[in-house]
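Analysis of the macromolecular model
As a plain string of letters, each chain reads:
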Amino acid sequence: MQHQPATLPGDAEQYLVTQHYDLYNEVEHGTWKYLYERRMEQLHSHACREYLEGLRVLGMRAEKMPVIDDINKTLQTRTNWMLLPVSGFLPGRTFFDLLAARMFPVTTYIRKPDSLDYTPEPDIFHDIFGHVPMHAYKVFADYLQAFAQIARMIDNDADQERLGRLFWYTVEFGLIREGSDVKMYGSGVISSVKEGDNIVHGGCKVHDFTLEEVLNTHVKVDELQPVLFAIDSFEQIYEATKEARKIFGV
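The text that follows walks through the structure, step by step, so that each part is easy to find. The structure presented is a predicted model; accordingly, all values stated were derived computationally and were not measured.

1. Side note on the packing of helix 6 (residues 138-151) against helix 11 (residues 234-248)
Contact geometry for helix 6 and helix 11: axes closest at 9 Å, N-to-C directions at 15°. Between helix 6 and helix 11, the angle falls in the class roughly parallel. The handedness of the crossing between helix 6 and helix 11 comes out as left-handed. From helix 6, Val139, Phe140, Asp142, Tyr143, Ala146, Phe147, Gln149 and Ile150 reach across to helix 11, where they touch Phe234, Glu235, Ile237, Tyr238, Thr241, Ala244 and Arg245. Tallied by class, residues from the contact of helix 6 with helix 11 come to ten nonpolar, two polar and three charged.

2. Points about the nonpolar core
Across soluble globular proteins, you tend to see nonpolar side chains buried next to one another. Ranked by internal contacts, the top residues of the largest apolar core, which has 82 residues, are Phe129, Val132 and Phe234. Element by element, the count of residues in this core is highest for helix 6, at nine residues. In contact with Val132, not counting residues within four places along its chain, are Leu58, Met60, Ile71, Leu75, Leu83, Phe104, Val106 and Asp127.

3. Here we look at the sheet that holds strand 3 (residues 175-178)
Taken together, the four strands give an open sheet; going across it, the order is 4-3-6-5, and neighbouring strands pair in mixed fashion. Lying at the two open borders of the sheet, with one neighbouring strand each, are strand 4 (181-184) and strand 5 (205-208). Looking at each pair of strands side by side, their axes are set apart by 40° on average, direction ignored. As paired elements, strand 5 and strand 6 (residues 227-231) share four bridges and run parallel to each other. In the sheet register, Lys205 faces strand 6, and the bridge partner there is Val227.

4. Comments concerning empty space enclosed by the protein
Considering all chains together, one arrives at one cavity of 30 Å³ or more under this definition. Here the largest cavity defines a volume of roughly 30 Å³. Together, Gly130, His131, Met134, His135, Phe140, Val171, Tyr185 and Ser187 line the largest cavity. Residue composition of the lining of the largest cavity, by class: four nonpolar, four polar and no charged.

5. Points about unusual backbone geometry
Excluding glycine, most residues fall at negative phi; most peptide bonds, likewise, are trans. Located in the positive-phi region is Asn80, a residue other than glycine, with phi close to 60°. For Asn80, the location among the structural elements is in the loop between helix 3 (68-79) and strand 1 (82-86). For Arg102, which is not a glycine, the phi torsion comes out positive at approximately 60°. Its location among the elements puts Arg102 in the loop between helix 4 (92-100) and strand 2 (103-107).

6. Focus on the pattern of salt bridges
Any two side chains of opposite charge can pair, so long as their charged atoms come close to each other. On inspection of all chains with the given rule, the structure shows 14 salt bridges. Linking Arg38 and Asp117 is a salt bridge whose minimum nitrogen-to-oxygen distance equals 2.8 Å. Pair noted here: Arg38 is in helix 1 (residues 26-46) and Asp117 is in the loop between strand 2 and helix 5 (124-131), with a separation of 79 residues, a long-range link. In this structure, the salt-bridge partner of Arg49 is Glu178, at a minimum N-O distance of 3.7 Å. One end of the pair, Arg49, is in helix 2 (residues 49-57); the other, Glu178, is in strand 3, with 129 residues separating them in the sequence. A residue is classified by how much of its surface remains accessible, and Arg49, at 53% relative accessible area, is exposed. Residue class for Glu178 comes out buried when judged on its relative accessible area of 12%. A single network of salt bridges, built from pairs that share partners, joins Arg49, Glu178 and Lys183.

7. Observations concerning the packing of aromatic side chains
In total, this model carries 20 aromatic pairs according to the counting rule given. Judged by centre distance (5.1 Å) and plane angle (80°), the rings of Tyr169 and Phe229 are edge-to-face. Of this pair, Tyr169 sits in helix 7 (residues 157-172) while Phe229 sits in strand 6, and the two are 60 residues apart along the sequence. Here Tyr169 matches Phe229 in class, with each residue buried. Through a chain of ring-to-ring contacts, the aromatic side chains of Trp32, Tyr36, Tyr51, Phe125 and Phe129 assemble into a single cluster.

Reading guide: rules and limits
Residues numbered from 1 in each chain as written. Predicted model: local features only at pLDDT ≥ 70, side-chain atom pairs only at ≥ 80, totals over all residues. Heavy atoms only, no water. Axes fitted to C-alpha atoms, helices over the stretch in contact; angles between N-to-C directions. Helix = DSSP H or I, 4+ residues; strand = E, 2+ residues; numbered from the N terminus. Parallel < 35°, antiparallel > 145°, perpendicular 65-115°, else oblique. Left-handed = near helix turned anticlockwise from the far one by under 90°. Contact = heavy atoms within 4.5 Å. Nonpolar A, V, L, I, M, F, W, Y, C, P; charged D, E, K, R; others polar. Core = buried A, V, L, I, M, F, W, Y, C linked by side-chain atoms within 4.5 Å. Buried < 20%, exposed > 50% of the residue type's maximum accessible area, 1.4 Å probe, protein only. Pairing = 2+ DSSP bridges. 1 Å grid on protein atoms, 1.4 Å probe; cavity = no way out; pocket = protein on both sides within 12 Å on 5 of 7 lines; lining within 4 Å. Points joined across faces, edges and corners; volume = space filled by probe spheres on them. Salt bridge = Lys/Arg side-chain N within 4 Å of Asp/Glu carboxyl O. Phe/Tyr/Trp six-rings, centres within 6.5 Å; stacked < 30°, edge-to-face > 60°.

Below you can see the structure in the form of structure tokens.
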């Protein structure tokens, strides 16, 4: 039985679905296994320690697709976040309303075998394998909520787009320094072979994270990332939300 919260913010309820785990077939489990093992060949060495720890404590493994309820039991205990299965893309306001309430929307669908390298629609591999292990780390989990609390208060389109660059260059494409190494934590680089290779093989420039430069760096959605930003610690981006509140007047 899938457990859902008693109350949901805004209009989120209309996007809710149920993960019918018993309906996944062998091809779908095989797709998860292939994607998982292919990425872990690189991530064992190039993902940050917090991501790898989250993967372990949440019990994710190649052999079977994740059970959302099982992940929630651990996630809620560790950081008071929960996953909410949804039908697909959500309106921006709905998405940030959920994040501000420490609820992360995830799809239950997995990409088809002919779309292993890229899928334009969100799927369970990107959403859960890419994003969710970081949610088991308290500082990052708090950062995600703090960002959402700012985003949901901004109505101006230009400001929304500019603030969105902070999300893009941290949650989606974030890097962190571990000693002399640069490691991955953003879901876009965690879940993508091409983006991961682009970093490992020096295909993109890595700048030190500063909020000013991030907010002024346009997002590239249709090509490999030419520039990414490496933080020194997750406390750094949590503190950046305080500065962002001043910049955007919220």
